[in-house]
Amino acid sequence: MSASPWTQQWQESFKQVDDLLNYLDLSRKNIVVLGQVDAFSLRVPRAFADRMEKGNPDDPLLKQILPLSQELEAVAGFTKDPLAEEKANPLPGLLHKYHGRVLLTLSGACAVHCRYCFRRHFPYKENNPGTKGWEPIFEYLTNHSEVTEVILSGGDPLSVDDSMLENFIQRLETVSSVKYLRIHTRLPVVIPARITEKLLEIFRATRFRVTMVLHSNHANEWDASLELPMQQLKASGVTLLNQAVLLRGVNDAVHSQLDLSYRLFDYGILPYYLHLLDKVSGAAHFDVSKVDAISLMHGMIDVLPGYLVPKLVYEAPHRGSKIPVDLGLDHA
Ligand SMILES: *Cc1c(COP(=O)(O)O)cnc(C)c1O
Ligand code: SF4
């Protein structure tokens, strides 16, 4: 049985909480969920729901995407724009905060709505360059030859179709100072069929060194459906990394992090970042304190080879990089 095209899988995603609960043999008796709340309502592809355990309200994949009533609780310190990004973009869709690299938003859409996401309140509608907005971006890059890496981020950049992506990359190739192309995406994890033959061709054809930073938080997100796509990406010259967000009740146990690192490596992927949660309103119930995060890291370092230990980082407004958390190990 071959999977249906990714666009169709996208269309057929769960958008109603009760449909998803039914599918998973759960009911509102098990979980206190929100109805349809706002623009950031439930969205989860079936291919991802199929990796959840039926009848388990605490499933670590379910927890990432199910809107809970807790989201409505106001918690001190959790705000709508914790990174003050609304003010940091010189052009719609472009963020230039770090040395030598820019972050571009090709699309505000995502195939899955992650409840902890700091972009849940981001005004993508006003901040989506659209194809018309590309030229000013290319002009900016031409005038800023210190920028050597372009990072496509989101939303999810792979939510645009292959021909649009190809046009974009071919136009970007004419900016000679840009050497590296990075794609931050969760789409292939939730809909493995997104890795199309056409996409692989685009990666094989480009002059850029391509890195794909996947986003996955738990070992259960990796099943046999991802084996071939990951092999194909590697065979097409793409470097594969993963970033995860540290989430209470999802992946904050040492064994969960060990499982994730080993599982990623089985698929040819190295862990890159483990992010402390951005303090975005509605996500406070996922928060893990810095102290707990540090002891989790100690537990990982005790066991894992160095290349399977992600860097624990957080983001703060007006800083020129992610900030590595001091693990305190040199003065232990
Ligand atoms: C995370 C981020 C990057 C990429 O940072 P790396 O440390 O190179 O992964 C670039 N620009 C912005 C604005 C970012 O938030
Ligand atoms: S940007 Fe990433 S983390 Fe946020 S909702 Fe989209 S896929 Fe999830």
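Residues numbered from 1 in each chain as written. Chains lettered and ligands numbered in written order. Predicted model: local features only at pLDDT ≥ 70, side-chain atom pairs only at ≥ 80, totals over all residues. Heavy atoms only, no water.

1. Some points on the overall build of the protein chain
- A tally of helices and strands in the protein chain yields 11 helices and 9 strands.
- Taking 332 residues into account, the globule formula puts the C-alpha radius of gyration at 20 Å, and the protein chain, at 19 Å, falls close to it.
- With the principal axes as the frame, the protein chain shows a C-alpha extent of 55 × 55 × 40 Å.
- The buried share of the protein chain, reckoned over its 332 residues, is 56%.
- Accessible area of the protein chain: about 14,800 Å², with a carbon and sulfur share of 52%.
- Each charge class in the protein chain was averaged separately, 34 positive and 39 negative side chains, and the resulting centres sit 3 Å apart. (Helix = DSSP H or I, 4+ residues; strand = E, 2+ residues; numbered from the N terminus. Rg over C-alpha atoms; globule rule 2.2 N^0.38 Å. Buried < 20%, exposed > 50% of the residue type's maximum accessible area, 1.4 Å probe, protein only. Areas by Shrake-Rupley, 256 points an atom, 1.4 Å probe, with all protein chains shown as cover. Lys, Arg positive; Asp, Glu negative; His and termini not counted. Charge placed at Lys NZ, Arg CZ, Asp CG, Glu CD.)

2. A look at helix α6 (residues 162-172)
- For α6, the full list of buried residues reads Asp162, Leu165, Phe168, Ile169 and Leu172. Burial along α6 is one-sided: seen end-on, the buried residues are contained in an arc of 125°. (Arc of directions from axis to C-beta.)

3. What about the packing of aromatic side chains?
- If you walk through the whole model with that rule in mind, you get 8 aromatic pairs.
- Judged by centre distance (5.0 Å) and plane angle (80°), the rings of Trp134 and Phe168 are edge-to-face. Placement of the pair is Trp134 in helix α5 (residues 134-143) and Phe168 in helix α6, with a sequence separation of 34 residues.
- Its relative accessible area of 0% is what places Phe168 among the buried residues.
- Pairing Trp222 with Tyr267 gives two aromatic rings, centres 5.0 Å apart and planes at 55°, and the pair type is tilted. In this pair, Trp222 is assigned in the loop between β5 (209-215) and α9 (227-235) and Tyr267 in the loop between α10 (254-266) and β7 (270-275), connecting sequence segments 45 residues apart.
- Overall, the relative accessible area of 3% leaves Trp222 in the buried class.
- Grouping aromatic residues by their ring pairs yields a cluster made of Trp134, Phe138 and Phe168. (Phe/Tyr/Trp six-rings, centres within 6.5 Å; stacked < 30°, edge-to-face > 60°.)

4. Some words on the site of ligand 1
- Within the structure, ligand 1 sits among Lys97, Tyr98, Arg101, Leu103, Ile151, Arg182, Tyr272, Tyr273, Glu315 and Lys322.
- Note that an oxygen atom of ligand 1 is positioned 2.6 Å from one of the side-chain N or O atoms of Tyr273.
- Side-chain polar atom of Glu315 to an oxygen atom of ligand 1: 3.4 Å apart, as the coordinates give it.
- Burial of ligand 1 by the protein amounts to 94% of the accessible area it has alone, namely 390 Å².
- Mapped by element, the contributors of at least two residues to the shell around ligand 1 are β1 (94-98), β2 (101-105) and β7.
- Among the residues making up the shell around ligand 1, the classes are represented as 5 nonpolar, no polar and 5 charged. (Near = heavy atom within 4 Å. Polar contact = N/O pair within 3.5 Å; in protein donor to acceptor, adjacent residues only side chain to side chain. Nonpolar A, V, L, I, M, F, W, Y, C, P; charged D, E, K, R; others polar.)

5. Describing the pattern of salt bridges
- All chains considered together, the criterion is met by 12 salt bridges.
- Taking the shortest distance from any N to any O, the salt bridge between Arg204 and Glu197 comes out at 2.9 Å.
- Residue Asp287 is joined to Lys279 by a salt bridge in which the shortest nitrogen-to-oxygen separation is 3.0 Å. (Salt bridge = Lys/Arg side-chain N within 4 Å of Asp/Glu carboxyl O.)

6. A look at the pairing of β7
- Where burial is concerned, most of β7 is hidden: 5 out of the 6 residues are buried.
- Two elements, strand β6 (residues 239-245) and β7, share 5 bridges in a ladder whose sense is parallel. Paired with Ala244 across the strands is Leu274, a residue of β7.
- In the sheet, β7 pairs with strand β8 (residues 311-314) via 3 bridges, with the strands oriented parallel. For His275, the partnering residue across the bridge sits in β8 and is Val313.
- Each parallel crossover has a hand, and the one from β7 via helix α11 (residues 290-301) to β8 is right-handed. (Pairing = 2+ DSSP bridges. Right-handed = clockwise from strand over helix to strand, strands pointing away.)

7. Remarks on unusual backbone geometry
- In this chain, Gly154 is followed by Gly155 through a cis amide linkage whose omega measures -5°.
- Structurally, the position occupied by Gly155 is in the loop between β3 (149-153) and α6.
- Although it is not a glycine, His318 sits at a positive phi angle of roughly 60°.
- Here His318 lies in the loop between β8 and β9 (323-324).

8. Description of the environment of Val313
- Within the element layout of this structure, Val313 appears in strand β8.
- Take Val313: its relative accessible area is 1%, and that puts it in the buried class.
- As a C-alpha pair, Val313 and Leu277 span 36 residues in sequence and 9.5 Å in three-dimensional space.

9. Quick notes on the packing of α10 against α11
- Between α10 and α11, the least distance of the axes is 9 Å, while the angle of their chain directions is 50°. What the angle tells us is that α10 and α11 run oblique. By crossing handedness, the relation of α10 to α11 is classed as right-handed. In this structure, α10 contributes Val254, Gln257 and Leu258 to the contact, and α11 contributes Leu296, Gly299 and Met300.
- Here the residues of the contact of α10 with α11 are counted per class, giving 4 nonpolar, 2 polar and no charged. (Axes fitted to C-alpha atoms, helices over the stretch in contact; angles between N-to-C directions. Parallel < 35°, antiparallel > 145°, perpendicular 65-115°, else oblique. Left-handed = near helix turned anticlockwise from the far one by under 90°. Contact = heavy atoms within 4.5 Å.)

10. What to know about the packing of α5 against α6
- Following both chains from N to C, one finds α5 and α6 inclined at 30°, their axes separated by 11 Å at the closest point. Put simply, α5 runs roughly parallel to α6. Of the two elements, α5 crosses α6, and the hand of that crossing is right-handed. Here α5 contributes Trp134, Glu135, Phe138 and Leu141 to the contact with α6, which in turn contributes Met164, Asn167, Phe168, Arg171 and Leu172.

On their own, these measurements won't tell you what the molecule is for.
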